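Summary of the model geometry
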Amino acid sequence: MERENFGSKIGAILAAAGSAVGLGNIWRFPIETGRNGGAAFILVYICCIVLLGMPIMMSEFMIGRHTQSNTARAYQKLAPGTPWKWVGRLGVFTGFFILSYYAVVAGWTVEYACLAIFNCFRGMTTRAEFEKVFNDFASDPVMPAVWLIFFVLLTHFVIVRGVARGIERWSKILMPMLFILIGVLVACSVSMPGAASGVEFMLRPDFSKVNSSTVLNAMGQAFYSLSLGMGCLCTYASYFDRKTNLAKTTLQVVIIDTLIALMAGFIIFPAAAAANYGLTPQDIGPSLIFITLPNVFQQAFGSLPVLSYVFSVMFYLLLIVAALTSTISMHEVVTSYMSEEFNLPRKRSALVETTLSIVLGIFCALSFGVMSDVKLFGMTIFELLDWTASNICLPVGGMFIALFAGWYLDRQLFRDELTNRGSVRAPYFRALIFVLRYITPFLILAVILGNFGLF
Ligand code: TRP
């Protein structure tokens, strides 16, 4: 079967950046920043990006581009007859899990975009009202599932168009749109009267708040935000052409992803400060963008309701865009795996993944309502999937990727791939190998042990 490639360099970068930029940046990053004390957390996060994120991203790009195959086949090609292929298979499972629950939250963003468009928040003033809207919706047995199905089908629609005409074309449209929207929102937010203390929260580090759990959370967030540890970027890199400079692409994706996360922080904290809403710990949970923020938008422009309207519509549209380019990337991991390993036509394989994710996703959606009592290890189905995927599967996957690239793989092959067979320089190569061998795996081990309270 002829494999497709991204048609242009910028298309490849935007697709990878589209995968990385998502609810992880706009929903999860501000939550983690808020919980872990603001600027100090951000500094630790940036260290994690450099020490863990960049080396693993380069390794994933290298493995994917070299083998030009889905993530499980990639390990089979590089390490035939060894158990390394299970690293790829673990990734495929993780992709399926993450897509299923991620699409639930993505579905909520569609509902909220509709609420914003139809101006349903007008006249609401108290937190209790916003809470009621959210809880009524999330615990409804039907609507969250409907939006979930809608969102997975939207993803499906892009996937079946293929790599260049689907993923690449849509990323090229959606990513610049996202940049513009988010830029406008930051400008609005920081220029609101009273926004200064929110800006300060993002900029003035208070190191007394940094402890081992801050570091662990920052690492988890780095994996999640950069789409690392499950072969997502490995799969995308299999569509890169031979001339793509992997190190440069890594740097570009990391910069875009980090900038967007920081910008999301500069939207949310200043807006909250301006509304004099006073973020309390209970606001800085998963409810931040669905309860606190609509309230903030509503209060922030007291005398100018039209601005409240525009602000909230733009914000939720932006979330949809960001989430869509991410769900596409998770779907692609599973679709390309099934289609290449079981010799299925791409459309059929996409349909199987879509159906499976919808079924599992419905259980996740219901775990906020009728199934909220169904618990395993004290967690609902949604929480269990989120916890297992981001705290266990991604770090374990990332650790094995680092071990594979640092210890197992032939160095010359690695170097050839990073230098495009000698046509670009890689002065960082020895440092990279050192980090992959001795730093990345051990740091990750610390995260995992930390998750079990052993560290
Ligand atoms: N990185 C995306 C975000 O920030 C989510 C995502 C896409 C992801 N693909 C992934 C997370 C693979 C983990 C693994 O929202």
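In what follows, the accompanying structure is described. (Residues numbered from 1 in each chain as written. Predicted model: local features only at pLDDT ≥ 70, side-chain atom pairs only at ≥ 80, totals over all residues. Heavy atoms only, no water.)

A look at the overall build of the protein
Regarding its fold elements, the protein presents 18 helices and zero strands. For the protein, whose C-alpha radius of gyration is 21 Å, the value lies close to the compact-globule estimate of 23 Å for 455 residues. With respect to the three principal axes, the spread of C-alpha positions in the protein is 65 × 50 × 45 Å. For the protein, the residues scored as buried account for 60% of the 455 residues in total. Of the contacts made within the protein by residues no fewer than 6 positions apart, 82% connect residues no fewer than 24 positions apart. Measuring between centres, the 31 positive side-chain charges of the protein sit 10 Å from its 25 negative side-chain charges. (Helix = DSSP H or I, 4+ residues; strand = E, 2+ residues; numbered from the N terminus. Rg over C-alpha atoms; globule rule 2.2 N^0.38 Å. Buried < 20%, exposed > 50% of the residue type's maximum accessible area, 1.4 Å probe, protein only. Contact = heavy atoms within 4.5 Å. Lys, Arg positive; Asp, Glu negative; His and termini not counted. Charge placed at Lys NZ, Arg CZ, Asp CG, Glu CD.)

Concerning the side chain of glutamate 111
Summarising the element assignment, glutamate 111 is placed in helix H5 (residues 85-117). Buried and unpaired, glutamate 111 has lysine 132 as its nearest opposite-charge partner, separated by 12 Å. Residues within four places of glutamate 111 in sequence aside, it is in contact with Phe137, Met143 and Trp147. (Salt bridge = Lys/Arg side-chain N within 4 Å of Asp/Glu carboxyl O.)

Some points on the nonpolar core
By size, the foremost hydrophobic cluster in this structure holds 155 residues, and its most contacted members are Phe6, Ile63, Phe290, Phe315 and Phe414. It is helix H14 (residues 305-341) that provides the largest number of residues to this core, a total of 18 residues. Discounting chain neighbours no more than four positions away, the residues touching isoleucine 63 are Ala74, Tyr75, Leu78, Cys234, Ile401 and Phe404. (Core = buried A, V, L, I, M, F, W, Y, C linked by side-chain atoms within 4.5 Å.)

Description of the site of the ligand
Around the ligand, the surrounding shell holds 17 residues, and the nearest of these are Ala20, Gly24, Tyr102, Tyr224 and Ser227. Serine 19 is positioned with one of its backbone polar atoms (N or O) 3.3 Å from a nitrogen atom of the ligand. Between the ligand and serine 225 there is a distance of 3.1 Å, counted from a nitrogen atom to a backbone nitrogen or oxygen. In the complex, the protein chains occlude 100% of the 360 Å² of accessible area that the ligand would expose alone. Looking at the shell around the ligand, the elements with two or more residues in it are helix H1 (9-20), helix H2 (23-35), H5, helix H10 (212-225) and H14. (Near = heavy atom within 4 Å. Polar contact = N/O pair within 3.5 Å; in protein donor to acceptor, adjacent residues only side chain to side chain. Areas by Shrake-Rupley, 256 points an atom, 1.4 Å probe, with all protein chains shown as cover.)

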